[in-house]
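Next come the chains, spelled out residue by residue.
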Amino acid sequence: MSSPEQHTGFARLDAETFPAFEPGWVWLVGAGPGAPGLMSLLCYHALQTCDVVVYDALVNPDILRWVKVGAELEYAGKRGGKPSPTQKDITLRLIDLARAGKRVLRLKGGDPFMFGRGGEECQNLGAAGIPFRIVPGITAGIGGLAYAGMPATHRDTNHSVIFLTGHDATGNMPANVNWQAVALASPVIVMYMSIKHLGEIAQALMEGGRTGDDPVTIVSNASMPHQEVAATTLAGAGAYVMANEPPTPAIVVVGRASDWRSLLDWYKGPLRENPVG
């Protein structure tokens, strides 16, 4: 076997000993927030060695061009308000493919365990006796903020951050969140899948003691060339969404992480011309 020193650039990875992707295994892999360049080396390795990719709606299609020649692609996207497979159907499909001896790559946008139902899928795989590996990914609530010039934490403005989802399994605003406690628990709140209920969420946070002039930043299509960043306030968030219909997927940031955008807004101009990130 050749040594890494005999190669240059990415070819040096050819000599690395990556973990074996065995037949009958399922790898749950996070592809990152969108830009292909933000995937991990293990994600790329899985794409190059799998037999089938079961991918969700938030995976950038450009990532799939790096899949091994001959591997099958199965779309299992779930988008609110649109026909899509149930979670039970997806899990059963993963089990069937693994039992057929396939190397199954379950590819998810962001990180599998950050509001990605990865925990549920692993529970069911384990119960069915299917071996699995989890490969974390960069979640949009951190990586997407970085591409918008907003640090998720900063010692001058926020030593803590809360991550929330804007809807529960029913599609409604989460009923089991103590919004009054959340409102003042952290200087910055980062919300996934919250555009639909943003007006209601904003009202609940203000009723919990958050001020109406608190900044709200909406990052749509984070880390992609067509990324958009919009600014409003907690009091005006509901009306803003109704009037402008921000593109989704989107991350909503409540709090003063947005104060740093004037200095840290780096992803613009020619930098957006590179589709890898």
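Check the entry above for the structure.
Here is a short report on the structure shown in this document. All of these numbers come straight from a predicted model, not from anything done at the bench.

With that out of the way, let us pick up the pairing of strand β1 (residues 26-30). Most of β1 sits inside the fold, with five of its five residues counted as buried. A two-sided burial pattern is seen for β1, the buried positions comprising Val26, Leu28 and Gly30 on one face and Trp27 and Val29 on the other. Of the pairings in the sheet, the one linking β1 to strand β4 (residues 104-108) comprises five bridges and is parallel in character. Bridge pairing links Trp27 to Leu105 in β4. Examined bridge by bridge, β1 and strand β5 (residues 132-135) share four bridges and lie parallel to one another. Looking across to β5, one finds that Leu28 is bridged to Ile134.

When two helices pack together, their arrangement is given by the angle between their axes and by how far apart the axes lie. Relative to each other, helix α2 (residues 87-99) and helix α3 (residues 118-127) sit at 45°, their axes nearing to 10 Å. Here α3 runs oblique to α2, going by the angle between their axes. Here α2 and α3 pass one another in a crossing that is right-handed. Contacts between α2 and α3 pair Gln87, Ile90, Thr91, Leu94 and Ile95 from the former with Glu120, Glu121, Asn124 and Leu125 from the latter. Its residues placed into classes, the contact of α2 with α3 shows four nonpolar, three polar and two charged.

Here the amide bond leading from Thr248 into Pro249 is cis, since omega sits at 5°, within 30 degrees of zero. With respect to the helices, strands and loops of the structure, Pro249 is situated in the loop between α7 (237-244) and β10 (250-254). Located in the positive-phi region is Phe115, a residue other than glycine, with phi close to 55°. For Phe115, the position within the fold is in the loop between β4 and α3. Classification of Phe115 by relative accessible area gives partly exposed; the value is 33%. The backbone of Glu245 sits at a positive phi, close to 45°, despite the residue not being glycine. Within the fold, Glu245 resides in the loop between α7 and β10. A relative accessible area of 63% means that Glu245 is categorised as exposed.

Another point: α3. In an α-helix, one turn spans 3.6 residues; hence positions three or four apart end up facing the same way. Residues of α3 that are buried include every one of Gly118, Glu121, Cys122 and Leu125, and no others. For α3, the angular spread of buried residues about the axis comes to 100°, placing them on one side. Relative to its buried face, α3 has exposed residues pointing more than 90 degrees away, namely Gln123 and Ala127. Buried positions along α3 lie against β1, α2, β4 and β5. Note on α3: the residue one or two positions beyond its end, Gly129, has a positive phi of about 80°.

The rules behind these values
- Residues numbered from 1 in each chain as written.
- Predicted model: local features only at pLDDT ≥ 70, side-chain atom pairs only at ≥ 80, totals over all residues.
- Heavy atoms only, no water.
- Buried < 20%, exposed > 50% of the residue type's maximum accessible area, 1.4 Å probe, protein only.
- Helix = DSSP H or I, 4+ residues; strand = E, 2+ residues; numbered from the N terminus.
- Pairing = 2+ DSSP bridges.
- Axes fitted to C-alpha atoms, helices over the stretch in contact; angles between N-to-C directions.
- Parallel < 35°, antiparallel > 145°, perpendicular 65-115°, else oblique.
- Left-handed = near helix turned anticlockwise from the far one by under 90°.
- Contact = heavy atoms within 4.5 Å.
- Nonpolar A, V, L, I, M, F, W, Y, C, P; charged D, E, K, R; others polar.
- Arc of directions from axis to C-beta.

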